[in-house]
Amino acid sequence: MTNAADKSEENAIRAKLAPIAGDRLAGLRIAGGTVTIVLETGGMDETARGALEAKVRGALASTGAQLRIAHMAERAGSAPAKGPRLIAVGSGKGGVGKSTLSANLAVALARKGRKVGLVDADIYGPSQPRLLKAEDLKPQAKDKQMIPVTTPYGVKLLSMGMLVEPDKAIAWRGPMAAGALTQLIEGDWGDIDDLVIDLPPGTGDVQLTMIQKFKPAGALIVSTPQDLALMDATRAVRFFEKAEVPVIGVVENMAGYVCPHCGEASDPFGSGGAEAEAKRLGYPFLGRIPLAIDIRTASDAGTPPAAGEGPIADAFAQLADALVEREALA
Ligand SMILES: Nc1ncnc2c1ncn2[C@@H]1O[C@H](COP(=O)(O)OP(=O)(O)OP(=O)(O)O)[C@@H](O)[C@H]1O
């Protein structure tokens, strides 16, 4: 086929697609009998994307051409309404306190006057409803869009745990979890400044889908001081770098144990490891949260320490300051 023939075929296809795809048709290429179409589907949910693709296929069925359809999501609308900044909280592995940190960070940000939402994307153990005393709150839906619950700490919340029983969620395959996560992030968050996302631990499909689709303004990496956790944290840093999500910095959790009886501080997992690692990787070290029995008991009781007073609340407040001050994210 000549170029002129390609051009006229391209024009014919564009004319057919104009009433269906409008400005969502982001690219069209014809080569060797294959027509490649790029659809800009940012801000659309899974069903709407599927319906658009089906219409495009239907409109071109009579051409007999082989079709390849790709979706991309660059439109600003792919972020929640009015575009709060998305802060992803990640870790290379589970159990390092990522959920505890996300909850307390969200509360600390709210105490600074920010309007904050929190997405509990941890399919393997959605714990935010418990951490933020929201277990009895059920989200409503409006036109299939979920309306977050407002926790007693002023933080709005949507959790995977509100969509499915935790023991069932664990059997979800990647695409199902990614679809559910999209539903949470695209909830009706209203006018918020920050949307903190408590990611599932690790660097797998769900995390990848989420960051490719929503391009968070930044990622916070949580690590314990142990070598193994640090290796995993390094992997998480590399993962976000590859996805071009700016790494805001590294937070060390469970750093230094304060004995509840005598007040003596010790370092069961070593000390300063995360700070050294952050430095080595060239990212800010954002602070240290001690290993304290009070954090666990308060968290289990749904009273996040960041909502109280004292050195632990101060540590979370400092972390919130670092995020508020970070101009690049504003
Ligand atoms: N600084 C801390 N001091 C004491 N206990 C802590 C601290 N941080 C977290 N914990 C406790 O450690 C346990 C694991 O924390 P959390 O659920 O936040 O980790 P996680 O990284 O989100 O885990 P997962 O990703 O596997 O769900 C919880 O019981 C929590 O209360």
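Residues numbered from 1 in each chain as written. Predicted model: local features only at pLDDT ≥ 70, side-chain atom pairs only at ≥ 80, totals over all residues. Heavy atoms only, no water.

**Student:** Honestly, the overall build of the chain in this entry has me stumped. Any pointers?
**Tutor:** Per the secondary structure count, the chain includes 11 helices and 14 strands. A principal-axis box enclosing the C-alpha atoms of the chain has dimensions of 85 × 45 × 40 Å. For the chain, the proportion of its 330 residues judged to be buried stands at 48%. Of the accessible surface of the chain, which amounts to about 15400 Å², a share of 52% is contributed by carbon and sulfur atoms. (Helix = DSSP H or I, 4+ residues; strand = E, 2+ residues; numbered from the N terminus. Buried < 20%, exposed > 50% of the residue type's maximum accessible area, 1.4 Å probe, protein only. Areas by Shrake-Rupley, 256 points an atom, 1.4 Å probe, with all protein chains shown as cover.)

**Student:** How should the sheet that holds strand β2 (residues 34–40) be read in this particular structure?
**Tutor:** Picture the strands of a sheet paired through backbone hydrogen bonds; they go either parallel or antiparallel. Read from one edge to the other, the open sheet built from 3 strands follows the order β1-β2-β3, with strand pairing classed as mixed. Edge strands, defined here as strands with exactly one partner in the open sheet, are β1 (25–31) and β3 (66–72). Across the sheet, the axes of successive neighbouring strands diverge by a mean angle of 15 degrees, strand direction being ignored. Direction of pairing for β1 relative to β2: antiparallel, over a ladder of 6 bridges. Each bridged residue has a counterpart across the sheet, and for I30 the counterpart in β2 is V35. (Pairing = 2+ DSSP bridges. Axes fitted to C-alpha atoms, helices over the stretch in contact; angles between N-to-C directions.)

**Student:** Teacher, can you tell me more about the pattern of salt bridges here?
**Tutor:** Oppositely charged side chains may form a pair once their charged atoms are brought near each other. Tallying each qualifying case throughout the model produces 19 salt bridges. For the salt bridge of D191 with K115, the shortest nitrogen-to-oxygen distance reads 2.9 Å. Residue D191 is located in the loop between α6 (174–185) and β10 (194–198), and its partner K115 is located in the loop between α3 (98–111) and β5 (116–120); the two are separated by 76 residues in the primary sequence. On the basis of relative accessibility, which here comes to 40%, the residue K115 falls in the partly exposed class. One salt bridge in this structure joins R235 and D232, with 3.2 Å as the shortest N-O distance. Of the two residues, R235 and D232 are both situated in helix α8 (residues 227–242); the distance of 3 residues between them amounts to about one turn of the helix. (Salt bridge = Lys/Arg side-chain N within 4 Å of Asp/Glu carboxyl O.)

**Student:** In this structure, what is going on with the layout of surface pockets? I would like to understand it.
**Tutor:** To locate leftover empty space, one rolls a probe as large as a water molecule over the atoms. What the largest pocket holds in volume is close to 500 Å³. Along its surface, the largest pocket is lined by 28 residues, and G95, V96, G97, T100 and M254 are the ones closest to its centre. Where the lining of the largest pocket is concerned, the elements lending two or more residues are α3, α4 (128–131), β12 (247–258), β14 (285–291) and α10 (293–300). Looking at which element gives the most residues to the lining of the largest pocket, the answer is α10, with 5 residues. For the lining of the largest pocket, the residue count by class is 14 nonpolar, 9 polar and 5 charged. (1 Å grid on protein atoms, 1.4 Å probe; cavity = no way out; pocket = protein on both sides within 12 Å on 5 of 7 lines; lining within 4 Å. Points joined across faces, edges and corners; volume = space filled by probe spheres on them. Nonpolar A, V, L, I, M, F, W, Y, C, P; charged D, E, K, R; others polar.)

**Student:** Help me understand the UniProt feature "binding site: ATP" (unreviewed entry) in the chain in this model?
**Tutor:** UniProt tags G92, K93, G94, G95, V96, G97, K98 and S99 as "binding site: ATP" (unreviewed entry). Restricting the annotated residues just mentioned to those that line the largest pocket leaves G94, G95, V96, G97, K98 and S99. Among the structural elements, K93 can be located in the loop between β4 (85–90) and α3. Ignoring any residue separated from it by four or fewer positions in sequence, one finds K93 in contact with P201, G202, A229 and D232. By the element assignment, K98 lies in helix α3. With relative accessibility at 5%, the residue K98 sits in the buried group. (UniProt positions renumbered as here; feature names shortened; annotations may be inferred. Contact = heavy atoms within 4.5 Å.)

**Student:** What is the right way to look at helix α9 (residues 273–281) in this model?
**Tutor:** Each turn of an α-helix holds 3.6 residues, which means side chains three or four residues apart point in the same direction. When we look at burial in α9, the residues that qualify are G273, A274, E277, A278 and L281. The buried side chains of α9 occupy one side of the element, clustering within an arc of 130 degrees when seen end-on. Away from its buried face by more than 90 degrees, α9 exposes K279 and R280. One or two residues past the end of α9 sits G282, with phi positive at roughly 85 degrees. (Arc of directions from axis to C-beta.)

**Student:** Any chance you could explain the confidence of the model for the chain here in plain terms?
**Tutor:** Scored by pLDDT, the chain comes out at a mean of 85, with 90% of its residues at no less than 70. In this model, residues 76–82 is a region of pLDDT below 50 whose contacts with residues beyond four sequence positions or in other chains number 14 contacts. (pLDDT = per-residue confidence, 0-100.)

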